[in-house]
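Below, each chain spelled out in residue letters.
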Amino acid sequence: MGRTSRSLEDQFFFQKDLELKEKQRALQQMKETKDALREASGIQDEAVLQKLVDLNIKPDTVASLAVVPLVEVAWANGTIGLKEKEAVLTAVSKFGWTNKNIDYMLLERWLEHKPDPALLQAWGEYTKYVCEQMNSDEVVRFRTEIMSHAKAISEVSGGILGLGKISQQEKEMLEIIYKSFITNCEEKHD
């Protein structure tokens, strides 16, 4: 075997070693992220944690999942208006979020660019976990609060002067969110 062919072989195996090391590093990073998410959220289910990792939800932004319904209603028509954006940001300011919070910054990004549909599914899994930690009265209060904020978002862009008219897409999204509560929460407490 000539020197050139030996050099090419060494280069090939060196590249394969680098690829394997990168895969190993990525797997370790994913495990560390899952562990940190588990600690930040209390969620133990591996499938839920994997969904959060796949959606690039970080431990310091896990609280953002709570406001996914507001974002989904705001985007229900395919676009998001200034009034809807302002209504969502006003709603989260009641939670104590400011533009310095990382959750707030993530929310702003979701309001600028429609999130992946898998985010709503991740919210459903998150809701399921949260509801398992609550008694039936707490579940009702949790559902009522989220649904009232989501409905308020749907009402800001419709009708005359933004009053009264909710679009069909917004109604459908509100129904999806409500059904998610029924599926993920209510049946555990009946």
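Since we're looking at a predicted model, the values are computed, not measured.

**Details of the overall build of the protein**
Scanning the protein from terminus to terminus reveals eight helices and zero strands. Beginning at the N terminus, the succession of helices and strands in the protein can be written as α-α-α-α-α-α-α-α. Across the 190 residues of the protein, 38% fall into the buried class. Long-range contacts, defined as pairs at least 24 residues apart, comprise 66% of the intrachain contacts of the protein with a sequence gap of at least 6.

**Thoughts on the state of the cysteines**
Tallied over the full model, the rule gives one disulfide. Residue pairing for C131: its cysteine sulfur links by disulfide to C185, the two sulfurs lying 1.8 Å apart. Across the S-S bond of C131 and C185 the torsion is about 65°, and the bridge reads as right-handed. Of this pair, C131 sits in helix 6 (residues 118-132) while C185 is found in the segment after helix 8 (168-184), placing the two residues 54 residues apart along the sequence. Using a relative accessible area of 0% as the deciding quantity, one classes C185 as buried.

**Remarks on the side chain of T127**
Position of T127 relative to the elements: it lies in helix 6. Among the residues examined, T127 registers a relative accessible area of 0% and is labelled buried. When near neighbours in sequence (up to four residues on either side) are disregarded, T127 contacts F142, F181 and C185.

**Let's talk about the environment of D103**
With respect to the element layout, D103 can be found in helix 5 (residues 102-112). In this structure D103 comes out as buried when scored by relative accessible area, which is 10%. C-alpha separation for the pair D103 and L65, spaced 38 residues apart in sequence, amounts to 9.1 Å.

**Points about the environment of L111**
Structurally, L111 is set in helix 5. Spatially, the C-alpha atom of L111 lies 8.0 Å from that of W75, the residues being 36 residues apart in sequence. Beyond its immediate stretch of four places on either side in the chain, L111 contacts V71, W75, I80, K85, V88 and L89.

**Some thoughts on the packing of helix 4 (residues 82-93) against helix 5**
Two numbers describe how helix 4 lies on helix 5: the axes approach to 11 Å, and their chain directions differ by 160°. Classed by the angle they form, the pair helix 4 and helix 5 counts as roughly antiparallel. Between helix 4 and helix 5 lies a crossing whose hand is right-handed. Residues K85, V88, L89 and V92 of helix 4 form the contact with helix 5, whose own contacting residues are Y104, L107, E108, L111 and E112.

Conventions used here
Residues numbered from 1 in each chain as written. Predicted model: local features only at pLDDT ≥ 70, side-chain atom pairs only at ≥ 80, totals over all residues. Heavy atoms only, no water. Helix = DSSP H or I, 4+ residues; strand = E, 2+ residues; numbered from the N terminus. Buried < 20%, exposed > 50% of the residue type's maximum accessible area, 1.4 Å probe, protein only. Contact = heavy atoms within 4.5 Å. Disulfide = S-S within 2.5 Å. Axes fitted to C-alpha atoms, helices over the stretch in contact; angles between N-to-C directions. Parallel < 35°, antiparallel > 145°, perpendicular 65-115°, else oblique. Left-handed = near helix turned anticlockwise from the far one by under 90°.

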